[in-house]
Amino acid sequence: MSFTKDLNPNQREAVENFDGPSLILSGAGSGKTRVLTYRIANMIEKGVRPWNILAVTFTNKAAKEMVERLEKLIGTHARDVWAGTFHSIFARILRKDGHLLGYNRNFNIYDTTDAKAIVKSIITERLNLDLKKFHPNPVYSQISKAKNSLLTPSDYEESMPSNFFYRNVADVYNFYQKQLQLNNAMDFDDLISLPVRLFESNPQVLEAYQNKFHYILVDEYQDTNHAQYKLVNMLADAHRNLCVIGDDDQSIYSFRGATIENILNFEKDYAEAQVFKLEQNYRSTKNILKAAADVVKNNFERKEKEIWTDNDDGEKISLIEAYDERDEARRILSSITHEISANRRTLNEFALLYRTNAQSRVLEEALIKNGLKYKIFGGLKFYDRKEIKDVLAYLKVLVNPQDSQNLKRIINFPSRKIGKTTIEKLEGYSVSQEMTLFEVCGIVEKLGSLTSRSINPIKKFHYEISELISLQQQNLPLNELVRNVIEKFGLLKIYEDEASDEALVKADNVRELIGGIDEFVSEREDNSLTVFLEEVSLITDLDKDDPNSEAITLMTVHSAKGLEFPTVFVSGLEDGLFPIIDLYENEEKGIEEEGRLFYVAVTRAEEKLYVSFANYRRRYSGYGESTVKSRFLNEISEDLMDGNVKSVKNYYSSGGDFYGEPKPKQNASVPQYEKKYSSPFSSQKKSQTYTVGMDVKHEIFGKGRIVEISGSGGESKISISFDSVGVKKLVQRFAKLEIV
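Residues numbered from 1 in each chain as written. Predicted model: local features only at pLDDT ≥ 70, side-chain atom pairs only at ≥ 80, totals over all residues. Heavy atoms only, no water.

## A word on the overall build of the protein chain
Assigned secondary structure in the protein chain consists of 31 helices and 21 strands. Per-residue burial over the protein chain gives 55% buried out of 740 residues. Considering only contacts in the protein chain between residues 6 or more positions apart, those separated by 24 or more positions represent 75%. Just so you have it, the protein chain exposes about 32600 Å², and 48% of that area is on carbon and sulfur atoms. (Helix = DSSP H or I, 4+ residues; strand = E, 2+ residues; numbered from the N terminus. Buried < 20%, exposed > 50% of the residue type's maximum accessible area, 1.4 Å probe, protein only. Contact = heavy atoms within 4.5 Å. Areas by Shrake-Rupley, 256 points an atom, 1.4 Å probe, with all protein chains shown as cover.)

## A short note on the sheet that holds strand S6 (residues 215–219)
If you trace the six strands from one edge of the open sheet to the other, you get S3-S2-S6-S7-S1-S8, paired in parallel fashion. With one partner strand each, in any of the chains shown, strand S3 (82–85) and strand S8 (274–278) form the two edges of the open sheet. Here the average twist between neighbouring strands, direction ignored, is 15°. Pairing of strand S2 (residues 53–57) with S3 involves four bridges; the strand directions are parallel. Opposite Thr-57, over in S3, you have Thr-85 as the bridge partner. Here helix H1 (residues 9–16) sits on the sheet and contacts strand S1 (22–26) and S8; the angle it forms with S8, its principal contact strand, is near 145°. (Pairing = 2+ DSSP bridges. Axes fitted to C-alpha atoms, helices over the stretch in contact; angles between N-to-C directions.)

## So, the environment of Glu-387
In this structure, Glu-387 sits in helix H17 (residues 386–399). Between the alpha carbons of Glu-387 and Leu-492 there is a distance of 8.9 Å; along the sequence they are 105 residues apart. For Glu-387, the contacting residues outside a window of four places in its chain are Tyr-495, Lys-506, Asn-509 and Val-510. In this structure the side chain of Glu-387 is engaged in a polar contact, spanning 2.7 Å, whose partner is the side chain of Asn-509. (Polar contact = N/O pair within 3.5 Å; in protein donor to acceptor, adjacent residues only side chain to side chain.)

## A look at the pairing of S2
S2 sits mainly inside the fold: five of its five residues count as buried. Burial along S2 is two-sided: the face carrying Ile-53, Ala-55 and Thr-57 and the face carrying Leu-54 and Val-56 are both buried. Here S2 runs beside S6; their pairing, made up of four bridges, is parallel. Residue Ala-55 lies in a different strand from S6, and its bridge partner there is Leu-217. Handedness of the β-α-β unit built from S2, helix H3 (residues 60–74) and S3 comes out right-handed. (Right-handed = clockwise from strand over helix to strand, strands pointing away.)

## A few points about the side chain of Thr-224
By secondary structure assignment, the location of Thr-224 is in the loop between S6 and helix H11 (226–236). Looking at Thr-224, its side chain comes within polar contact range of the side chain of Asn-262, at 3.0 Å. When near neighbours in sequence (up to four residues on either side) are disregarded, Thr-224 contacts Phe-58, Phe-86, Val-218, Gly-257, Ala-258, Thr-259 and Asn-262.

## With respect to the side chain of Gln-280
Topologically, Gln-280 is positioned in the loop between S8 and helix H14 (286–296). For Gln-280, a relative accessible area of 13% gives the class buried. A distance of 3.4 Å separates polar atoms of two side chains, one belonging to Gln-280 and the other to Asn-8. Only 3.4 Å separates the side chain of Gln-280 from the side chain of Asp-310, close enough to count as a polar contact. Excluding residues within four positions of it along the chain, Gln-280 makes contact with Asn-8, Gly-29, Ser-30, Trp-308 and Asp-310.

Shown next, in the form of structure tokens:
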């Protein structure tokens, strides 16, 4: 069977030449999933055994799609390929060999919420630190970055400035890692960093997997961090049949630790590498591609390539110039209405993209007021809902009784009248005796400090959980086990009895979970509780998205990567917002990444692209200030724009304001706006003095505390521990900080 007849010449070359190291530079919309799938199919057709192939993707959705396509090409052999995300593949390896690091195979995977809860308890209970100075979010962010850089707690302490903040973060990190191991649990970052440790400390294990994976393919290589880079290269070292596929022009995740150098330096790592360029775009019109290229070509850190298409020129790009962000939303809505009536667009054909989550509010308000359905990425996930996490916590304890974090969640839910003080005593005894919390519950009468009123419900709880653990170990079908848990502990009845509207919604969610587990059991050959919990832990927003749902999609540009829509709006294109200049420690690198982010935004559009900016915008503090049109708009050739700028000149020409607000006088001027919303930043003196320990507010990141200052004057770099996003290093002259 030929796997090359449907491919263009460049794709065919990348599919047929699979021996040795390969770099496939895949431009936006150039069919990289097809190339990756056909390459694997061709390898198997030419005699490579499928179980000797490792294919790594960045989302479960991409892995599933790849395997489904492979099955259509080569049949059931596709299931023998090791295909999945970094996290799912290396979780599988850790299940098998994690005992060499002190974990048993039933370890639980903590999501970010659970991980931060442990960090918070260490900050307040172990180290007695002030939460105002040591908010869990920035501390957890530092730990995550350390793991992605393969730094142990001691490595981290040695590599960071020797001050009060970083010393205490190192202590938290140390206690945190010990607590995870005691709980027989791992966080997402452990799933990547621990395999490196496993391979380094057990060469025979590394050799076994090197002998197993003769061919390794890695999708989205430009998004790999240092730990992922290390893992891939360790595994590929024996056979050197490493194929990486990606686009340096779409490297946009440096804030997660991704390093563009991984893809840029591939030919240095593998001097004998073959390079294939996929430059034909099948998604967008010529005008859209030219606009994207006009911006990204200004970057220095990139591989030379020229994306082209056989598609039509298409419509020119529409520029929306708005008075402020509310007017911008009104004009976007007006354009959507026009597209629906003139081009018979449906709601699911639209995507509204923005640089920061905070920008969605005014867009959502406009959509709600006009009765247009929308879906927003980044909302509360099904498995993050309290009623679902409660059921899952019970299941996690059954499979791993060492998991004290989830045991604390369920020990008094539903209420058993086991109070906070009692739980603290159990925890204290657990720490002092180096026992798990569950073990302490089994000998609770030995504590001596508890009354029978407290002891009896704890003993009953321990007995009931032990009974269910026994059932689980006897391989009771998962759906029956779940029904047993829910019925025994009243996890559905509690909401049915309450019968409020909110409680009934929660009851429906629990029933939905039961139905989902029934489906899992019927469809999966390996339908164990461990497998189910692992898959749930690794689900992302993109994995659950239904592209056919009739609603407008709202999301950040980062969330939009890999998606496509007939009509795309890119909003908030103002310097300081898109690009965000002060986000990066290195200004030049930052501008280049923002340029790549703009490239990603523009290339999501298939047929029609709108770009918009506002002349005034309310910032984080609620004040407004004048803006400067994004430099990216100035870099787009004028002949690509439609020339019919929807400008602010007729902002108040209609009979009324669709927001239902009083309409200013016809001659309302810019100065009146500025007086009403005078910016605290516009008058900021460049000689403003900042000191370590000072509380400040940033217009995007919110409140934070200065933890380090290097340099002097406007060029000094200020490290701030923000409550919401962790530690950021900002250049003072761009930072626009407000002292609070």
